[in-house]
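These are the residues of each chain, in order.
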Amino acid sequence: MFKLFGDKGFWKTALKLAIPVALQNMLTSSFTLADTLLVSNLGEEALSSVGMVGQWGWLMTMVLVGFSSGTTVFVSQFWGIKDIKRIRKTCGIALLSVLAVSGVFSAVSIIAPAYVLRMFNSDPVIVREGTKYLLCVVYSYTAVAITNILSAVLRSVENVRLPMYVSAFTTVLNIFLDYSMIFGKFGFPEMGIEGAAVATSISAWSGVVLIVFVSVIKRNILIAPFRETFAFSKIEFILFYKKAIPVVFNESMWGLGTFAFNIIFGNMGYEYFASLTILRSFENIAFIFFIGLCSAASVMIGKSVGKGKIERGIEDSRRFAILVPVAAIFVGILIFLFRRQLIGIFNMSSNISQVTLDTAMIIMAIYAFELPVRMIPYIQVVGIFRSGGDTVTGVKYDLCTLWFMSLPATLIAVYVLNAPFAVAFAVMYIFEDYAKTALCLRYYRSLKWLRPVTDEGRLALEELKKQRVMK
């Protein structure tokens, strides 16, 4: 074990990549948490409405994450051989793709906002308040799409600080604008729930402006002639989508499945959905550390595989495969021990019902115990399989366990067995995670996830196979 984790070079690189990404995601989660906390002062209906609109935006984000992950597969391996032109063309393809995605979500939000809300809950107050919020926050969607791709490219070439600094700026700005616009402070009008949405949109676009502005000054990898970024060939476009589409399909369908869960839970009562909104706020923060580790794994393993250092990539994958679930045990313990204090933050104005608070306590305990198991397939699929070039196997495992096991089991629990909300919530996790964990660990040991996209990586893999056959 010491031999595996005694490599100082591994820790130096992993922490250099993981900490800024974790901090960036902490800031991004704080961005959402600030919205949720401040809106909770407006009452349970407003909190539930914002949570429901947030799930619609989250579905879009999952599609964007698919494109970001597909981009990382190529950029990290191209970075290993310093192929700057192909990195920029990959960025161009990805940008055009996410602009189309954000355009579709924006159009639906503007044309049929009430329909989006009614998918979760038909209560007139929830629909009215949620519609107000959605019609303002929709203008942030394109900015979120652009930021996702630019940040993914920068992180993949080991420039992790700029995305972190931009997140810090936008988070501070969002908190200030949230407080000012919701409650009418510092000369701003009192806009209530709409103020939170406007603040989010302004902050999101400020992030895009700041990334571009700093990139122009620094002349980093994002700044290139238009032709070099967008004049990609048909072959390059097809190659990108051949690898990216499985990831996009994976994240989109997984996001859609989770969206379906939220519809089920939302229709069980807005008090329960308010408790789920509270959990999601802290879930995002708990998750930041693992996003950082997973991002570091993607870059380090992908870079090694792209350069043809296959053995090094395998060794690093072993380290991350152990490190992530062990870290999840410690995070889960902290969540369980301090869940009462964390939930209490949302009831500082004493306007959240006891049903919501009690339910939040129970589902946060369930999440704390489930977290270590949940993180095993996460690091395998997102951090290891994809960085090795295998973007297909994770799709099968993710979607089969969610759509054919977890979702049917939850539907039966709710609509056939009339199970309580907390039981249905636990069923959702159990039926997805345990089977997927077993499948991922079995596939990881086979090393079939090693599928380089560079010539250097492919030649090195063939050589490694020959050596193993001879042994």
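Rules used throughout
- Along every chain, residues carry numbers that run from 1 in the direction the sequence is written.
- Under the rules for a predicted model, residues below a pLDDT of 70 receive no local features and side-chain atom pairs below 80 are neither given nor counted, while totals for whole chains, interfaces and linings still include all residues.
- Only hydrogens and water are removed before side-chain values are computed, so all heavy atoms of the structure are retained for them.
- When a carboxyl oxygen of Asp or Glu is within 4 Å of a side-chain nitrogen of Lys or Arg, the pair counts as a salt bridge.
- For the purposes of this entry, the term helix denotes a DSSP run of H or I that reaches at least four residues, the term strand denotes a run of E that reaches at least two, and both are numbered from the N terminus.
- Each residue gets one of three labels from its accessible area relative to the maximum for its type: buried under 20%, exposed over 50%, partly exposed in between, using a 1.4 Å probe on protein chains only.
- With a 1 Å grid spanning the protein atoms alone, the term cavity applies to any set of points in which a 1.4 Å probe fits but cannot get out, the term pocket to an open set with protein on both sides within 12 Å along at least five of seven lines, and the term lining residue to any residue with an atom within 4 Å of a point.
- Grid points are joined across faces, edges and corners, and a volume is the space filled by probe spheres set on the points.
- Here the nonpolar group is Ala, Val, Leu, Ile, Met, Phe, Trp, Tyr, Cys and Pro; Asp, Glu, Lys and Arg are the charged ones; every other residue, Gly included, is treated as polar.
- Multiplying one less than the number of residues by 1.5 Å gives the expected span of a helix.
- Patches in this entry comprise residues that are over 30% relatively accessible and not in a salt bridge; like charges within 9 Å are linked, as are nonpolar side chains (Val, Leu, Ile, Met, Phe, Trp, Tyr) within 5 Å.
- Computed with a 1.4 Å probe, the accessible areas rest on the Shrake-Rupley method; for each residue, only the protein chains presented here act as cover.
- Values of pLDDT, which run from 0 to 100, indicate the predictor's confidence residue by residue.
- Only rings of Phe, Tyr and Trp enter the pairing, Trp through its six-membered ring, and a pair is recorded when the two centres are within 6.5 Å. The plane angle decides the type: under 30 degrees is stacked, over 60 is edge-to-face, the rest tilted.
- The contact rule is simple, with two residues in contact once any of their heavy atoms fall within 4.5 Å.
- Convention adopted: a line fitted to C-alpha atoms gives each axis, helices being fitted over their contacting stretch, and angles between N-to-C directions are expressed from 0 to 180 degrees.
- In what follows, roughly perpendicular refers to angles from 65 to 115 degrees, roughly parallel to angles under 35, roughly antiparallel to angles over 145, and oblique to any angle outside these ranges.
- Two helices crossing with the near one rotated counterclockwise from the far one by less than a right angle form a left-handed crossing, whereas a clockwise rotation gives a right-handed crossing.

K.L.:
Any chance you could break down the pattern of salt bridges for me, citing the residues and the numbers?
P.N.:
One pass over the structure, following the stated rule, counts 16 salt bridges. Put simply, R312 and E315 hold a salt bridge, and the shortest N to O gap is 4.0 Å. Linking R312 with E315, this pair stays in helix 13 (residues 310-337), spanning 3 residues, or about one helical turn. With a relative accessible area of 29%, R312 lands in the partly exposed category. As a salt-bridge pair, D316 and R312 come within 3.3 Å of each other at their nearest N and O atoms. Taken together, the residues span about one helical turn, with D316 and R312 both in helix 13 at a distance of 4 residues. In the salt-bridge network here, residues are joined through shared partners; they are R374, D398, E432, D433 and K436.

K.L.:
I'd like a rundown of empty space enclosed by the protein, residues and numbers included.
P.N.:
Here the structure, examined in full by the defined rule, presents 2 cavities of 30 Å³ or more. Roughly 40 Å³ of volume is contained in the second largest cavity. Looking at the second largest cavity, the residues that line it are I87, R88, C91, V153, I221, L222, A224 and T229. Sort the elements by how many residues they give to the lining of the second largest cavity and helix 4 (residues 84-111) lands first, with 3 residues. Broken down by class, the residue content of the lining of the second largest cavity amounts to 6 nonpolar, 1 polar and 1 charged.

K.L.:
How would you summarise unusual backbone geometry if you had to cite specific residues and measurements?
P.N.:
Backbone geometry at K82 places phi at a positive 55 degrees, although glycine is not the residue there. For K82, the position within the fold is in the loop between helix 3 (44-80) and helix 4. The partly exposed category is assigned to K82, whose relative accessible area is 46%. One non-glycine residue, F186, adopts positive backbone phi at about 55 degrees. In this fold, F186 is placed in the loop between helix 8 (161-183) and helix 9 (193-218).

K.L.:
Explain helix 9 residue by residue, including any values.
P.N.:
Taking 1.5 Å of rise per residue, the 26 residues of helix 9 would be expected to cover 38 Å, and the 38 Å separating its terminal C-alpha atoms lies within 8% of that figure. At the C-terminal side of helix 9, R219 shows a positive phi close to 55 degrees.

K.L.:
Which residues make up a nonpolar patch on the surface, and what are the values?
P.N.:
Side chains of I322, V326, I329, F330, I333, L334, F336, L337, F338 and F369 sit close together on the surface and give an oily, nonpolar patch of about 970 Å² of accessible area. Per-element accounting of the nonpolar patch gives the leading share, 8 residues, to helix 13. Examined against the element boundaries, L337 turns out to sit in helix 13. According to the relative accessible area criterion, L337 is exposed, its value standing at 53%.

K.L.:
Can you explain the confidence of the model for the chain? Please cite residues and give values.
P.N.:
On average, residues of the chain carry a pLDDT of 85, and 94% of them reach 70 or more. Highest mean pLDDT in the chain belongs to helix 17 (residues 421-446) (94); lowest belongs to helix 1 (residues 2-5) (60).

K.L.:
So what's going on with the packing of aromatic side chains? Which residues, and what values?
P.N.:
A full pass over the atoms with the stated rule returns 24 aromatic pairs. Consider the rings of F240 and Y241, whose centres lie 5.5 Å apart with planes at 75 degrees: the pair is edge-to-face. Among the residues examined, F240 registers a relative accessible area of 1% and is labelled buried. Measuring from centroid to centroid gives 6.4 Å for F265 and F425, while their planes differ by 45 degrees, and the two rings are tilted. Of the two residues, F265 is situated in helix 11 (residues 234-266) and F425 in helix 17; the sequence distance between them amounts to 160 residues.

K.L.:
Can you break down the environment of I182 residue by residue, with the values?
P.N.:
Mapped onto the elements of the fold, I182 is located in helix 8. Distance in space between the C-alpha atoms of I182 and R88 is 41 Å, their sequence separation being 94 residues. Residues contacting I182, with those up to four places away along its chain left out, are L38, V39, L42, L177, E190, M191, G192, G195 and A196.

K.L.:
Residues and numbers for the environment of L399, please.
P.N.:
With respect to the secondary-structure elements, L399 resides in helix 16 (residues 393-415). Assessed through its relative accessible area of 10%, L399 is described here as buried. Sequence separation of L399 and I322 is 77 residues, and the distance between their C-alpha atoms is 24 Å.

K.L.:
Account for the packing of helix 8 against helix 9, naming residues and giving values.
P.N.:
Following both chains from N to C, one finds helix 8 and helix 9 inclined at 155 degrees, their axes separated by 8 Å at the closest point. By the criterion of interaxial angle, the relationship of helix 8 to helix 9 is roughly antiparallel. For helix 8 against helix 9, the interelement crossing comes out right-handed. For the contact of helix 8 with helix 9, the residue count by class is 14 nonpolar, 8 polar and 1 charged.

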